[in-house]
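# Structural description and commentary
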Amino acid sequence: MAESWDGSYDPGSPSDDSHHFDRMHIEPIYDAFVCPLTKQVMRDPVTLENGQTFEREAIEKWFKECKESGRKLVCPLTLKELRSTDLKPSIALRNTIEEWTARNEAAQLDMARRSLNLNSPEGDVLMALKFVQHICQKSRSNKHIARSAGLIPMIIDMLKSSSRKVRCRALETLRIVVEENDENKEMLAEGDTVRTIVKFLSHEQSKEREEAVSLLYELSKSESLCEKIGAINGAILMLVGMTSSKSENLLTVEKADKTLENLEKCENNVRQMAENGRLQPLLTQILEGPPETKLSMANFLGELVLNNDVKVNVARTVGSSLINVMRGGNMQSREASLKALNQISCEASAKVLIDAGILPPLVRDLFAVGTNQLPMRLKEVSATILSNVVNSGYDFESIPVGPDHQTLVSEDIVHSLLHLISNTGPAIECKLLQVLVGLTSSPSAVLNVVAAIKSSGATISLVQFIEAPQKELRVASIKLLQNLSPHMGQELADALRGTVGQLGSLIRVISENVGITEEQAAAVGLLAELPERDLGLTRQMLDEGAFELVYTKVVKIRQGETKGSRFVTPFLEGLVRVLSRVTFVLADEPAAIDLCRENNLAALFVELLQANGLDNVQMSSATALENLSQESKNLTRLPDLPTPGFCVSIFPCFGKQPVISGLCRVHRGTCSLRESFCLFEGQVVEKLVALLDHTNEKVVEAALAAISTLLDDGVDIEQGVKVLCEAEGIRPILDVLLENRTENLRRRSVWAVERLLRTDEIAYDVSGDPNVSTALVDAFQHGDYRTRQIAERALKHVDRLPNFSGVFPNNG
């Protein structure tokens, strides 16, 4: 081999390989074999009239050039003029050349076989591989030679070489050997070779990866090999990855894509592609495949896990087709379509599916009875789809779903849902409750659902699910009741108060130490929405230890012991609202006062006032402090004054009222934040004043209400005004009046300003502010009856109205 392939040929050079191999001979070459024009061994020798022999293609080209240039027709060798262009095939010479060529190629082939082993020098192996490529490209019929000579297994062995060049050349050679030759492909696919080729797809060296993809593309043209390629673990995944790669060259990406297109002939490959993100072949089969394939692929789609973006695309592509099957197919087809629709239904794809008409057949299948009804396991799937779609927040009041143009929130449809909930198992009950959760999440639809629940008398039944042992069912019921509670809080409070166990179940959910779950947030949100002044419910919660539990939870969150989650904010807001309800019954329930004192709840609410960014927490805390502060005048300990002596009783002028230090200026007794909930002694006033410029008017309203307890009847109003002056609270209160953001704020601010104006100095200062006067006049003209009455008194304080008569009688 070394004597013939002596290194004069560079295997990496772009020279004409066929000519190179034609010049490499084992037997000596005869001059008669060589064309005088091409200087190469002839393949089709022909003879001119003068007896000179040339390669047919070369002499025909010479004649053509003579004719086109207008020159005389001459022999290119003798340059003598020819009379004819007739060419006579030199059959004997051709046969001799072919025999000589065959002997040489056989010898060269034998040399190549000896070089194709892992111990040969790299250059010899590369040359041998290039020679195999040459003979296969020279004639398609030569490819059987490679097979019969046993070269294919040898070339496959070269894939194990430590040389990257050899591996690349071997992959390239195998591709040439199997091109348009099914027998060679079958031989190549024997054993573990295809797996080896697939492994090259993961190589970092892009050249090996490119050659491997090209070879797999050739193999994939054979339908019998498509299944074998797809059966190799990771093959389809890597090919799919290459088609979406930004780093591969375009030719490689194109080859990978075409390979996958060929592999689509096998259903198992289509399934694998879908699992690895190439869904279009699966969707095409669902749309265009034969009935058995459609059914099979729809069933498989029902098992796939897809992200929401993909679900939308799939819904756009096959949603209508699946819905049509669901409407009128046989039971097997309906089941497959339902499972597929279940897999692609979500908030993101809801609009696509609704526009495609999914709601009427879904509702029909859920409520159908008789011979054509779905089995309960499929009704559960229908309920799941409906739940996925409904939770998108779509306007379901405008979409007819029944024969009489009923919608999902029509009374009879809701009644049917409630009836089904009461007569099925936990799994479908859970999904149907989730449907109602979705409907009641809409501000407009919730009122229709509430009306239907009230008319059906289903409140008690819904409340009972709070005690369900299945967590998912329990969560769905609590979320539904939370959505209903703002609109039927008293009914739910009555049901919870009158039924043993359910309130305790809610409290147990809140007490769980499992982080902060959606169930806990919903449970505390439900309790937070129940009427605050329901004394019976609050007493029951006191007996159950609910408020101590809630207090502990709030403290742990504030101290960072309970790690945050996406539910921490609604959970904390609900806890604070629930805790604040104990302050609404202080006048009627001594145990509530004891609870507040023992746990120093006033101090906790003061701390929560500063929970910036948590408006609802600040608002509930300010409201709780208002309730606590209203009780301060009843809880403050008044001093015991000494009994006056005999002389003083006869001559009062001799007596002098004793001065007792340390008393609260506002309540005239001994006060503290913990014992009597005094805002002044607790140094809370400044913190409440700071909230008066809050962007949320509800927070401002709650803070102003708490501040107003320092100006209320039963306290020293004059001292209350002084306290507000010291806290720099006068101007912020006047600003609230001037901003006139809501009717409630106007009513509260007019009341507070009237109390402030009872102090002459403040009244004098305000009388020079035309803006305040204008705001009071506006309240006097446009407020409700009580506000106008108070505004009248305020205007008298600043001399804008005369004092000798009242516009309103004093019986408001």
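Source: prediction; values computed, not measured. (Residues numbered from 1 in each chain as written. Predicted model: local features only at pLDDT ≥ 70, side-chain atom pairs only at ≥ 80, totals over all residues. Heavy atoms only, no water.)

Below, the discussion takes up the domain arrangement of the protein. By a widely used convention, the size of an interface equals the accessible area lost when the partners come together. Domains assigned within the protein are domain 1 (23-94) and domain 2 (728-806). Measuring from the centre of the C-alpha atoms in domain 1 to the corresponding centre in domain 2 gives 121 Å. (Domains from an automatic or database assignment.)

This part covers the sheet that holds strand S2 (residues 53-55). Strand pairing within a sheet occurs via backbone hydrogen bonds; the two strands may be parallel or antiparallel. The three strands lie next to each other as S2-S1-S3, forming an open sheet whose pairing is antiparallel. Whereas interior strands pair on both sides, the edge strands pair on one side only; in this sheet they are S2 and strand S3 (88-89). As paired strands, strand S1 (residues 45-47) and S3 are joined by two bridges and run antiparallel to one another. In the strand pairing of S3, Thr47 is matched with Lys88. Along the sheet, helix H2 (residues 56-69) contacts S1, S2 and S3; its crossing angle with S2, the most-contacted strand, is approximately 95°. (Pairing = 2+ DSSP bridges. Helix = DSSP H or I, 4+ residues; strand = E, 2+ residues; numbered from the N terminus. Contact = heavy atoms within 4.5 Å. Axes fitted to C-alpha atoms, helices over the stretch in contact; angles between N-to-C directions.)

We now examine the UniProt feature "domain: U-box" (unreviewed entry) in the protein. Using the residue numbers shown here, the UniProt feature "domain: U-box" (unreviewed entry) corresponds to residues 28-107. Strand forms 10% of residues 28-107 and helix 39%; the C-alpha atoms that close the span are 13 Å apart. (UniProt positions renumbered as here; feature names shortened; annotations may be inferred.)

A few words on helix H17 (residues 308-328). Compared with the 30 Å implied by 1.5 Å per residue over 21 residues, the 28 Å span of H17 between its first and last C-alpha is a close match. At Val318, H17 shows its strongest bend, of approximately 60°. Taken together, the buried positions of H17 are occupied by Lys311, Val312, Val314, Ala315, Val318, Gly319, Leu322, Ile323 and Met326. Lining the buried residues of H17 we find helix H15 (280-288), helix H16 (291-301), helix H18 (331-344), helix H19 (350-355) and helix H20 (359-367). The opening residue of H17 is Asn307, an N-cap whose side-chain oxygen sits 3.2 Å from the backbone nitrogen of Asp309. (Expected span 1.5 Å × (residues − 1). Bend = angle between axes of the 7 residues up to and from the residue. Buried < 20%, exposed > 50% of the residue type's maximum accessible area, 1.4 Å probe, protein only. Polar contact = N/O pair within 3.5 Å; in protein donor to acceptor, adjacent residues only side chain to side chain.)

Moving on, we get to unusual backbone geometry. Despite not being glycine, Phe677 has its phi angle at roughly 60°, a positive value. What makes Phe677 buried here is its relative accessible area of 1%. Phi at Glu728 takes a positive value of approximately 55°, unusual for a residue other than glycine. Residue placement: Glu728 occurs in the loop between helix H39 (717-726) and helix H40 (730-739). Given the relative accessible area of 63%, Glu728 is considered exposed.

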